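# Coordinate analysis (summary)
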Amino acid sequence: MEYLKAFLVGGAICGVVQILLDKTKLMPGRVMVILVCTGAVLGAFGIYEPFAKWAGAGAGVPLTGFGSVLFKGVKDAVDKEGFIGIFKGGFTSSSVGISSALIISYIASWFFKAKMKS
Amino acid sequence: MSNEKKGSVSGVVREPDKKKRNENYNQYVKQVTPTFSIWKNCLKAFIIGGIICTIGQFFINYYMYIGADAEMAKSYNTLTLVFLSILLTGLGIYQKLAKFGGAGTLVPITGFANSVAAPAVEYKKEGQVFGIGCKIFTIAGPVILYGIFTSWLLGIIYYILKQYAVV
Amino acid sequence: MSEIEIRKSKMVGKQSIIFHNPPCIIAASSVAGKKEGEGPLGPLFDIIFEDPLVGKDSWEEAESKLITDAAAKVLQKAGLKSKDIRYLIGGDLLGQLIATSFGVEDLEIPLIGIYGACSTMGEAMSLGAMMVEGGFADRVIALTSSHFAGAEKQFRMPLDYGNQRPYSATWTVTGSGAVIIADRKYANRSNGEALILIKGVTTGKIVDYGLKDSMNMGAAMAPAAYETIKQNFEDLNIKPEYYDKIITGDLGYVGKNILLDLLKENGYDISGNHMDCGIEIFDKDSQDTHAGGSGCGCSAVTFTSFILKQLREGIWKRVLFVPTGALLSTVSFNEGNSVPAIAHAVIVEAE
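Given the structure is predicted, the values throughout are model-derived calculations rather than measurements. (Residues numbered from 1 in each chain as written. Chains lettered and ligands numbered in written order. Predicted model: local features only at pLDDT ≥ 70, side-chain atom pairs only at ≥ 80, totals over all residues.)

## Concerning the overall build of chain B
Condition: For the purposes of this entry, the term helix denotes a DSSP run of H or I that reaches at least four residues, the term strand denotes a run of E that reaches at least two, and both are numbered from the N terminus. Partly exposed residues are those falling between the two cut-offs: more than 12 but fewer than 20 other C-beta atoms within 10 Å of their own, whereas 20 or more means buried and 12 or fewer means exposed, with C-beta atoms placed from the backbone. Once C-beta atoms have been placed from the backbone, residue pairs whose C-beta atoms lie within 7 Å are recorded as contacts.
Along the backbone of chain B there are 9 helices and 0 strands. Here the C-alpha coordinates of chain B stretch approximately 75 × 55 × 40 Å along the principal axes. For chain B, the residues scored as buried account for 46% of the 167 residues in total. Intrachain contacts of chain B at a sequence separation of at least 6 include 46% that bridge at least 24 residues.

Structure below.
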């Protein structure tokens, strides 16, 4: 059942973004920024977390989930450590995503070459 | 001149005012440029995006099964998806998936990982420091900057509201 | 169809030149990549490289090699050495024209580097013809090139980045084309083929109709082709039928229709004799190239392989070769500017 939810919710978010990509001239980079910021804002309004609890990976895997995690990290850090938490919480919560992408990409550059498109 | 249909060719050719001509031209181009079927694209994005999220759910369940708590399992899932998407990028498979799935590969965190791996592999030729080092975040940089900034901004608002015991 | 009167001045109309002693294209070469070799024009190219790196370490060095080989081939076909060439006029899409600079270094021919984006072949041939007919050079090489991977890296995304291209997007051709322009006395007429002459040129102005879509180059460049072609007709006081073919560089399927519409609105119907190199070089259906081929190399290799062949064999007698270029940079685009374009026309005739 939760697999079905993950599939439908994740797919739906992607379907909506596809419309955005096709109808507007937005480049992929801008779309990714919009997704993350939207997730952070929805997280701040307390909407995204219950949504993610229900939809599981369908809400967690998309970049909106990443944005919501960013806000949650800041919120938790502020609760625990006060003012400095505003600066600490973002990178702390996103640390796994960012460092894994950075480290594994760099290691990948040792083994792989850019491929000509055909 | 003003009764020419907006977006028609004559509105482009016969319009003496450059600004209006350009507006007409943009409209005209929009009309005559064919696009791929938007519904087909949405369906493909839906399917690919759904599959990637389902795979994510599978990993989360698996990690919880072998003993992790919910938060730890999500972190391991992120790590796993990032690793797989970079591996597929290196093998040249992710790009083919992206051509088919569009937003289905852009939206999940796998899109973010691919956007870091692609410049890392491409700019190798320009050196470790000035090639990879400088350009690895060419595509993903904005995501990190605006993600951190937005959460910081919201964090300030949260902090202030907390001071006044609103939250 | 009446012939053009010989005027006292070579300057004709507002932007055109008609040469009194038309220079001759005495040799031409085309070097292309794998995808181009698999296309409809594949059998006509002189050299095809299967390896996109052409044995080099980077895309930029590979493009330089394409240029080196195109220049070497055209010299070989003309039976000449590099010291016989007075000037080399060329350019490419890369920043600061590095593909050309490194590609022609060893030839030690005085270089005139130019930037016309995808219109470079037209610009180079125009300048070369002017230099020869004006008595400033006896033989010049005009060449240009483009490389898919180098262009993508410079203007769009790293190759491994996963993204979708819209229908209007074009595929940058990996290839280099070169011609030797000389006085007709240097032409080799032994094999009975027609002599290829550059009868005149119409130089384009920058044309900007305010388009800001970098994925729809055809639409950005069509107005430039429209204005240069229209000017050519007006300067020479001719009708479209004067030419057997009017050949644009890389307007693609989208730009072609726009060009036809724009000219028709002015009473010029070129639907019967228009051709586009970007449409001819790839097979849309089997090669998945969306709106067609693009890049400096697109018009260059199509001209040197296919168009010259048709002229030499007498299938066409007179063509207007008018490649177009989009003169944007990543910086200008990011700063919110539109895509300005230019088109340079060359009148090529078989005798």
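## Let's talk about the overall build of chain C
Secondary structure assignment for chain C yields 11 helices and 17 strands. The C-alpha extent of chain C, read off along each of the three principal axes, is 55 × 50 × 35 Å. In chain C, which comprises 351 residues, the share counted as buried stands at 59%.

## Considering the interface of chain A and chain B
This is how the line gets drawn: By the convention adopted, Pro, Cys, Tyr, Trp, Phe, Met, Ile, Leu, Val and Ala count as nonpolar, Lys, Arg, Asp and Glu as charged, and the other residues, Gly among them, as polar.
On the side of chain B, 59 residues touch chain A, which itself brings 63 residues to the contact. Those elements that provide at least two residues to the side of chain A that touches chain B are helix 1 (2-23), helix 2 (28-44), helix 4 (57-60), helix 5 (63-81) and helix 6 (85-111) of chain A. Among the elements that make up the side of chain A that touches chain B, the one with the highest residue count is helix 6 of chain A (17 residues). The class makeup of the residues in the side of chain A that touches chain B is 43 nonpolar, 15 polar and 5 charged.

## A few points about the domain arrangement of chain C
Residues and elements named next belong to chain C. As a reminder, the rule being used: Domain start and stop positions are those given by an automatic or database domain assignment.
Domain annotation for chain C reports domain 1 (23-185) and domain 2 (195-350). Spacing between the C-alpha centres of domain 1 and domain 2 amounts to 18 Å. Across the boundary between the two partners, domain 1 contributes 50 residues, which contact 54 residues of domain 2. Elements supplying a minimum of two residues to the side of domain 1 that touches domain 2: strand 3 (24-33), helix 1 (34-37), helix 4 (120-133), strand 7 (139-146), helix 5 (148-155), strand 8 (171-172) and strand 9 (175-182). Among the elements that make up the side of domain 1 that touches domain 2, the one with the highest residue count is helix 4 (7 residues).

## Things to note about the interface of chain B and chain C
Opposite the 31 residues of chain B that make contact, chain C presents 25 residues. Broken down by element, the side of chain B that touches chain C gets its largest block of residues, 7 residues, from helix 7 (residues 109-122) of chain B. Here the residues of the side of chain B that touches chain C are counted per class, giving 16 nonpolar, 11 polar and 4 charged.

## Focus: helix 3 (residues 48-55) of chain A
All names here are of chain A. Rules: Working note: the arc is built from the helix axis to C-beta atom directions.
Within the span of helix 3, buried status applies to Tyr 48, Ala 52 and Ala 55. Down the axis of helix 3, the sector holding all buried residues measures 80 degrees, keeping them to one side. Summarising the geometry of helix 3, the exposed residues directed more than 90 degrees from the buried face are Pro 50, Lys 53 and Trp 54. As for helix 3, its buried residues are in contact with helix 1, helix 2, helix 4 and helix 5. One or two residues past the end of helix 3 sits Gly 56, with phi positive at roughly 65 degrees.

## Examining the pairing of strand 17 (residues 345-350) of chain C
All names here are of chain C. Basically, it comes down to this: Any two strands are treated as partners once DSSP identifies two or more bridges connecting them.
Strand 17 sits mainly inside the fold: 5 of its 6 residues count as buried. In the sheet, strand 10 (residues 196-202) pairs with strand 17 via 6 bridges, with the strands oriented antiparallel. Residue pairing across strands places Gly 200 opposite Ile 347, the latter belonging to strand 17.

## Details of the environment of Lys 19 of chain B
Note on placement: Lys 19 of chain B falls in helix 2 (residues 18-32). The spacing of Lys 19 of chain B and Gly 111 of chain B is 92 residues in sequence and 39 Å in space, taken between C-alpha atoms.

## Concerning the packing of helix 4 (residues 70-90) of chain B against helix 7 of chain B
Residue and element names in this part refer to chain B. Cut-off, in case you're wondering: Every angle, taken between N-to-C directions, lies between 0 and 180 degrees, and every axis is a line fitted to C-alpha atoms, over only the stretch in contact when it is a helix. Note on terminology: angles under 35 degrees are roughly parallel, angles over 145 are roughly antiparallel, angles of 65 to 115 are roughly perpendicular, and the others are oblique. Each crossing gets its hand from how the near helix is turned against the far one by less than a right angle, where anticlockwise is left-handed and clockwise is right-handed.
Interaxial distance between helix 4 and helix 7 falls to 8 Å at its minimum, and their mutual angle equals 45 degrees. One finds that helix 4 runs oblique with respect to helix 7. Both helix 4 and helix 7 take part in a crossing whose hand is right-handed. Across the interface between the two elements, Thr 78, Leu 81, Val 82, Ser 85, Ile 86, Thr 89 and Gly 90 from helix 4 touch Ile 109, Thr 110, Ala 113, Asn 114, Ala 117, Ala 118 and Val 121 from helix 7. Split into classes, the residues belonging to the contact of helix 4 with helix 7 amount to 8 nonpolar, 6 polar and no charged.

## A word on the confidence of the model for chain B
Put simply, the rule is: Every residue gets a pLDDT, meaning the predictor's confidence in that residue, from 0 to 100.
Confidence in the prediction of chain B, expressed as mean pLDDT, is 92, and 96% of residues score 70 or more. Mean pLDDT values over the elements of chain B span from 84, in helix 1 (residues 9-13) of chain B, up to 96, in helix 7 of chain B.

## Points about the domain arrangement of chain B
Assigned domains within chain B: domain 1 (1-34), domain 2 (39-135) and domain 3 (137-167). Taken over C-alpha atoms, the centre of domain 1 of chain B sits 43 Å from the centre of domain 2 of chain B.

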